[in-house]
Amino acid sequence: SVQVSKFFLGLGIAILLNQPIRGRNFWRSLILIPWAMPGFVAYINWKLMFVPQGGALNYILLETGLATSHVDFLGTRELAMLSVITATVWRGFPFWVITFLAALQTVPKELYEAAALDGANAWRRFLNVTFPGIRHIVLVVVLVSTIGTTNNFESVWLLTGGGPSNATMTFPVYAYYRLQNLNIGEAAAVGVAMLPIFAM
């Protein structure tokens, strides 16, 4: 779900920023802030926003009437993983945007003009011109981002520490706990178990 969210968000924004919109260079620079920000700073800010009492998200929900009581985003099993995914996607999607944007700029404009003359609408131009022109970049980005997300330790550790009740426990965090308890064999086994995933 993390990769799917990053893909659609990254591709959609990249296509938008590839259009001749006003202030395009400003928006291109602004979109990089989450990715350029140190991970520690980004996830601590998200943790503060998720706080039940005084957190920005709870304030918005209560003020708009979307919630009648404080929501414990990181302390509820049903919401903890979704909250971690939200913060992770926000932190990582600019990498997809800037990579897709660079790929889009390599697609010859003549192909779009030819497709338009043939009567192709925007969706057909995307399927027949845009996506074939960037598909190799898409595969590379998906691979690199999947490896990074699977090895991601920072977001889970800073936001939930694997809790509540192991609801957000991931392989890297579990391996870290095993090392803390000097269970080196179990920690090593986690690393070996992850190898088939990357081999695929």
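The structure this text deals with has already been given above.
Residues numbered from 1 in each chain as written. Predicted model: local features only at pLDDT ≥ 70, side-chain atom pairs only at ≥ 80, totals over all residues. Heavy atoms only, no water.

Draft legend 1. Region of interest: the packing of aromatic side chains. Throughout the structure, instances matching the rule amount to 16 aromatic pairs. Ring plane angle 85° and centroid distance 6.0 Å describe the contact between Phe7 and Phe100, whose orientation is recorded as edge-to-face. Of this pair, Phe7 sits in helix α1 (residues 2-17) while Phe100 sits in helix α6 (residues 77-104), and the two are 93 residues apart along the sequence. For Phe100, a relative accessible area of 0% gives the class buried. Ring geometry for Trp46 versus Trp90: centroids 5.8 Å apart, planes at 70°, classification edge-to-face. Note that Trp46 is positioned in helix α4 (residues 39-50) and Trp90 in helix α6, a separation of 44 residues in sequence. Exposure remark for Trp46: the relative accessible area of 11% places this residue in the buried category. Ring pairs connect the aromatic residues Phe7, Phe8, Trp96 and Phe100, which therefore count as one cluster. (Phe/Tyr/Trp six-rings, centres within 6.5 Å; stacked < 30°, edge-to-face > 60°. Helix = DSSP H or I, 4+ residues; strand = E, 2+ residues; numbered from the N terminus. Buried < 20%, exposed > 50% of the residue type's maximum accessible area, 1.4 Å probe, protein only.)

Draft legend 2. Region of interest: α4. A rise of 1.5 Å per residue sets the reference length of α4, with its 12 residues, at 16 Å; its end C-alpha atoms lie 16 Å apart and thus fit the reference within 8%. Within the span of α4, buried status applies to Gly39, Ala42, Tyr43, Trp46 and Phe50. With its buried residues spanning 85° around the axis, α4 presents them on a single face. α4 presents Phe40 and Leu48 as exposed residues on the side facing more than 90 degrees away from its buried surface. Of the surrounding elements, those touching the buried residues of α4 are α5 (56-64), α6 and α9 (154-159). (Expected span 1.5 Å × (residues − 1). Arc of directions from axis to C-beta. Contact = heavy atoms within 4.5 Å.)

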